[in-house]
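# Overview (structure and organization)
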Amino acid sequence: MDSIFMGYIVIAIGIFLGFIGIAVAIFFGLRAFRTDIKEKIIAIQETVGNVWDVVKRSPIFGATGTVERNLKNLGKIKITAEPHLAHY
């Protein structure tokens, strides 16, 4: 009788540890998925910002040839350019 009871306990412990392993795997999987989504959203926001900068510089919106940026390493930078008309 004791060996049958011990067999059931070993099986129950094995099933319990299996469920714990599955729960841990799901937890870390969802956590990594959430972090991945945050990184993608940040990248999408930067891309939208870059596209909007290009659209704002369009001559349709009265843009000039001056661009101002605040760079981390250099501070505020101002670049002015004029179109070059090639003579063929």
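As a reminder, the structure under discussion sits directly above these lines.
What this report covers is the structure whose coordinates are included nearby. (Residues numbered from 1 in each chain as written. Predicted model: local features only at pLDDT ≥ 70, side-chain atom pairs only at ≥ 80, totals over all residues. Heavy atoms only, no water.)

### Topic: the overall build of the protein
Counting its regular elements, the protein contains 1 helix and 2 strands. When the helices and strands of the protein are read in sequence order from the N terminus, they spell out α-β-β. Across the 88 residues that make up the protein, the buried fraction comes to 2%. In the form shown here, the protein has an accessible surface area of approximately 8500 Å², with 69% of it arising from carbon and sulfur atoms. (Helix = DSSP H or I, 4+ residues; strand = E, 2+ residues; numbered from the N terminus. Buried < 20%, exposed > 50% of the residue type's maximum accessible area, 1.4 Å probe, protein only. Areas by Shrake-Rupley, 256 points an atom, 1.4 Å probe, with all protein chains shown as cover.)

### Some points on the environment of threonine 66
Within the fold, threonine 66 resides in strand 1 (residues 66-71). With 13 residues separating them along the chain, threonine 66 and isoleucine 79 place their C-alpha atoms 5.5 Å apart. Beyond its immediate stretch of four places on either side in the chain, threonine 66 contacts Lys78, Ile79 and Thr80. (Contact = heavy atoms within 4.5 Å.)

### Observations concerning the packing of aromatic side chains
According to the stated counting rule, one finds 1 aromatic pair in the structure shown. Pairing phenylalanine 27 with phenylalanine 28 gives two aromatic rings, centres 5.2 Å apart and planes at 70 degrees, and the pair type is edge-to-face. (Phe/Tyr/Trp six-rings, centres within 6.5 Å; stacked < 30°, edge-to-face > 60°.)

### Some details on the environment of valine 67
Structurally, valine 67 is set in strand 1. Exposure remark for valine 67: the relative accessible area of 24% places this residue in the partly exposed category. A C-alpha to C-alpha distance of 9.7 Å links valine 67 and aspartate 53, two positions 14 residues apart in sequence.

### A closer look at the environment of asparagine 70
With respect to the element layout, asparagine 70 can be found in strand 1. With sequence-adjacent residues up to four places away left out, asparagine 70 is seen in contact with Gly75 and Lys76.

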